[in-house]
Amino acid sequence: MAVPELWAGIDAGKAQHHCTVIDTAGQRRLSRRVDNDETALLKLIADVLELSEGDSVTWAVDLNAGGAALMIALLTDNSQQVLYIPGRTVHHASGSYRGDGKSDAKDAFVIADQARMRRDLEPIHRGDDIAIDLRILTSRRLDLAADRTRAINRLRAQMLEYFPALERAFDYKTSKAVLVLLAQYQTPAALRRIGKNRLAAWLKNRKVRNPQLVAATAVDAAEAQHTAVTGEKLAAVMVAKLAREVMAFDEEIAETDVLIDGRFRDHLHAEVILSMPGIGPVLGAEFIAHTGGDLSIFGSSDRLAGVAGLAPVPKDSGRISGNMRRPRRYCRRLLRVFYMSAMVAARSCPVSRAFYERKKAEGKGHKQAIIALARRRLNVLWALIRDGRPFEITAPSSAVALS
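Residues numbered from 1 in each chain as written. Predicted model: local features only at pLDDT ≥ 70, side-chain atom pairs only at ≥ 80, totals over all residues. Heavy atoms only, no water.

> Just to check I follow, could you spell out helix α8 (residues 188-205) for this structure?
Side chains of residues three or four places apart in an α-helix project in the same direction, reflecting 3.6 residues per turn. Taking 1.5 Å per residue, 18 residues should reach 26 Å; α8 reaches only 22 Å between its end C-alpha atoms and comes up short. Residue Gly195 marks the point of greatest curvature in α8, where the axis turns by about 90°. Residues Pro188, Ala190, Leu191, Ile194, Gly195, Leu199, Ala200, Trp202 and Leu203 constitute the buried set of α8. The elements touched by buried residues of α8 are α6 (164-167), α7 (176-182), α9 (211-223) and α10 (232-264). One or two steps after α8, the chain reaches Lys207, where phi turns positive at roughly 60°. (Helix = DSSP H or I, 4+ residues; strand = E, 2+ residues; numbered from the N terminus. Expected span 1.5 Å × (residues − 1). Bend = angle between axes of the 7 residues up to and from the residue. Buried < 20%, exposed > 50% of the residue type's maximum accessible area, 1.4 Å probe, protein only. Contact = heavy atoms within 4.5 Å.)

> Is there a simple way to think about the packing of aromatic side chains in this case?
The geometry of an aromatic ring pair is captured by two quantities: the separation of the ring centres and the angle between the planes. For the structure on display, the rule yields five aromatic pairs. For the ring pair Tyr97 and Phe109, a centre distance of 6.0 Å and an interplane angle of 90° mean the geometry is edge-to-face. Separated by twelve residues along the polypeptide, Tyr97 in the loop between α3 (87-94) and α4 (104-117) and Phe109 in helix α4 bring together distant segments of the chain. Of the residues examined, Tyr97 reaches a relative accessible area of 15% and is grouped as buried. Judged by its relative accessible area of 13%, Phe109 is buried. Arranged with centres 5.3 Å apart and planes meeting at 80°, the rings of Tyr185 and Trp202 form a pair that is edge-to-face. One end of the pair, Tyr185, is in the loop between α7 and α8; the other, Trp202, is in helix α8, with 17 residues separating them in the sequence. As far as burial versus exposure is concerned, Tyr185 and Trp202 are alike and both buried. Arg28 extends its terminal NZ or CZ atom over the ring of Phe109, reaching a point 4.3 Å from the ring centre. (Phe/Tyr/Trp six-rings, centres within 6.5 Å; stacked < 30°, edge-to-face > 60°. Lys NZ or Arg CZ within 6 Å of the ring centre and 35° of its normal.)

> Explanation requested: the sheet that holds strand β2 (residues 16-22) in the structure shown.
Sheet strands line up and pair through hydrogen bonds in the backbone, either parallel or antiparallel. Spatially, five strands are ordered β3-β2-β1-β4-β5 in an open sheet, and the strand pairing comes out mixed. A strand with exactly one partner marks an edge of an open sheet, and here the two such strands are β3 (28-35) and β5 (81-84). The mean angle between the axes of side-by-side strands here comes to 20°, regardless of whether they run parallel or antiparallel. In this fold helix α2 (residues 69-77) packs onto β1 (6-11), β2, β4 (57-61) and β5, with an angle of close to 160° to the strand it touches most, β4. (Pairing = 2+ DSSP bridges. Axes fitted to C-alpha atoms, helices over the stretch in contact; angles between N-to-C directions.)

> Could you clarify how one ought to interpret a negative patch on the surface in this entry?
Side chains of Glu5, Glu50, Glu53 and Asp55 sit close together on the surface and give a patch of like negative charge. Mapped onto the elements, Asp55 comes out in the loop between α1 (38-52) and β4. (Patch = residues over 30% accessible without salt bridge, like charges linked within 9 Å, V, L, I, M, F, W, Y side chains within 5 Å. Areas by Shrake-Rupley, 256 points an atom, 1.4 Å probe, with all protein chains shown as cover. Salt bridge = Lys/Arg side-chain N within 4 Å of Asp/Glu carboxyl O. Lys, Arg positive; Asp, Glu negative; His and termini not counted. Charge placed at Lys NZ, Arg CZ, Asp CG, Glu CD.)

> I'm lost on the side chain of Gln114 in this one. Help?
Inspection of the secondary structure assignment puts Gln114 in helix α4. Take Gln114: its relative accessible area is 10%, and that puts it in the buried class. Setting aside anything within four residues of it in sequence, one finds Gln114 in contact with Ile85, Ala93, Tyr97 and Leu121.

> Looking at this structure, how should I read the packing of α3 against α4?
Between two packed helices, the angle of one axis relative to the other and the distance separating the axes together describe the packing. Contact geometry for α3 and α4: axes closest at 10 Å, N-to-C directions at 100°. Between α3 and α4, the crossing angle belongs to the class labelled roughly perpendicular. Mapping the contact onto sequence places Val90, Ala93 and Ser94 in α3 and Lys106, Asp107, Val110, Ile111 and Gln114 in α4. Of the residues in the contact of α3 with α4, the class split is four nonpolar, two polar and two charged. (Parallel < 35°, antiparallel > 145°, perpendicular 65-115°, else oblique. Nonpolar A, V, L, I, M, F, W, Y, C, P; charged D, E, K, R; others polar.)

> I keep staring at a nonpolar patch on the surface and nothing clicks. Help me out?
Taken together, the side chains of Leu234, Val237 and Met238 present a nonpolar region at the surface, about 270 Å² in accessible area. Looking at the secondary structure, you find Val237 in helix α10.

> Can you help me understand α1 in this one?
With 15 residues, α1 extends 21 Å from end C-alpha to end C-alpha; this agrees with the ideal 21 Å at 1.5 Å per step. All of the buried residues in α1 are Leu41, Leu44, Ile45, Asp47, Val48 and Ser52. In a view along the axis of α1, the buried residues occupy a sector of 165°, so they form one face of it. Relative to its buried face, α1 has exposed residues pointing more than 90 degrees away, namely Thr39 and Glu50. Residues of α1 that are buried sit in contact with β1, β2, β3, β4 and α2. Positive phi appears at Glu53, one or two residues downstream of α1, with a value of about 50°. (Arc of directions from axis to C-beta.)

> What is the right way to look at the confidence of the model for the protein chain in this model?
Do not read the predicted coordinates in detail wherever pLDDT is low. Summarising the model, the protein chain shows a mean pLDDT of 90, and 93% of its residues fall at 70 or more. When pLDDT is averaged over each element of the protein chain, α10 comes out on top at 97 and strand β7 (residues 324-325) at the bottom at 65. Predicted confidence is poor over residues 395-400, with pLDDT under 50, and the contacts of this stretch with residues over four places away or in other chains come to eight contacts. (pLDDT = per-residue confidence, 0-100.)

> Sorry, what's going on with the side chain of Gln186 here?
Structurally, Gln186 can be placed in the loop between α7 and α8. Looking at Gln186, the relative accessible area reads 12%, which means it is buried. A distance of 3.3 Å separates the side chain of Gln186 from the backbone oxygen of Gln184, its partner in a polar contact. (Polar contact = N/O pair within 3.5 Å; in protein donor to acceptor, adjacent residues only side chain to side chain.)

> Explanation requested: the pattern of salt bridges in the structure shown.
Should their charged atoms come close, side chains of opposite charge can pair. Evaluated as defined, the whole model comprises 23 salt bridges. Note that Asp107 and Lys102 form a salt bridge whose closest N and O atoms lie 2.8 Å from each other. Relative accessible area serves as the criterion here: at 8%, Asp107 is assigned to the buried category. The shortest N-O distance in the salt bridge between Arg265 and Asp261 comes to 3.0 Å. Taking the relative accessible area as the measure of exposure, Asp261 reaches 23% and is therefore partly exposed.

Below, the structure is given as structure tokens:
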């Protein structure tokens, strides 16, 4: 008697995974905790394949990266189909199974059973090497940008406690000059002592932009405050440290951008993607990183739009109909690629600007018009990549029109 097809659910963790295997009747055939180690995972795969006696096994996992990365790599290397079930889906599905308790074994069973019953789960694709490298680089850049923002917020909060006039005098997100200034001079007294002319010369020697204006603004702020607040000395040390920290983040972000640019331009679709107005190397790299570099896995532009959160879904109930909303589950970083590039294109690209203005004339607000433009640009980019040709504004007969 042939052994029926099996489904293996994996509740992934950092140090250990729990695997539960069920058959077509939903009966457990194996339940095991296994270390997140290559030897142990290969032994698990071999045991499950032996249990199947040559029939196909469908694997499902609740993580598509992180602690599950080694398991996914081993499964794909062994030509196994792997489905991804988001943790939120597993959490909501668990409520329909017997028992109120939670355990790794139960979660693994739910994952396997959902994979057995559902037909809408997406298989995991490893993606090409460039896409994986870009995912690592863009994730690092995002972390650096977030750390930079936190450091600037801490710097401004610290300055507000003892030197509010200087805190409100500059835009700390864009001005490198003020960071150079704060690394050396942080208190009203220190700025008054050096004076405008000497401070401007000091800044000029450090090759900052508009040294005269920066010096005048800083010293004017110092002249407006002659009171030394309690704790000023230590606060000034913290501000100097934070200013140097922000400059270090700027340097690392610039270095990461160079790496992103170089790796992105190695990709097959880089030239086509860069031809789209509003998309530069960083946003283009984000696009490759979160699509895996192969649009065929999505099947259609509509499916890609759904993944990016640009395809609204109905929210109807009873007599209420026609309501549309953004789906709850979508790739926020992929949405950011299209939204940010649409905002740039609405200002710099005549075709995109005309589409945006038409949507505004139809009564849509700014955000709605940008989202509509982002959705249309997704269709255009899909067609361009499919056909292997760049976007051309000056050749309407051969270009893909937005309107």
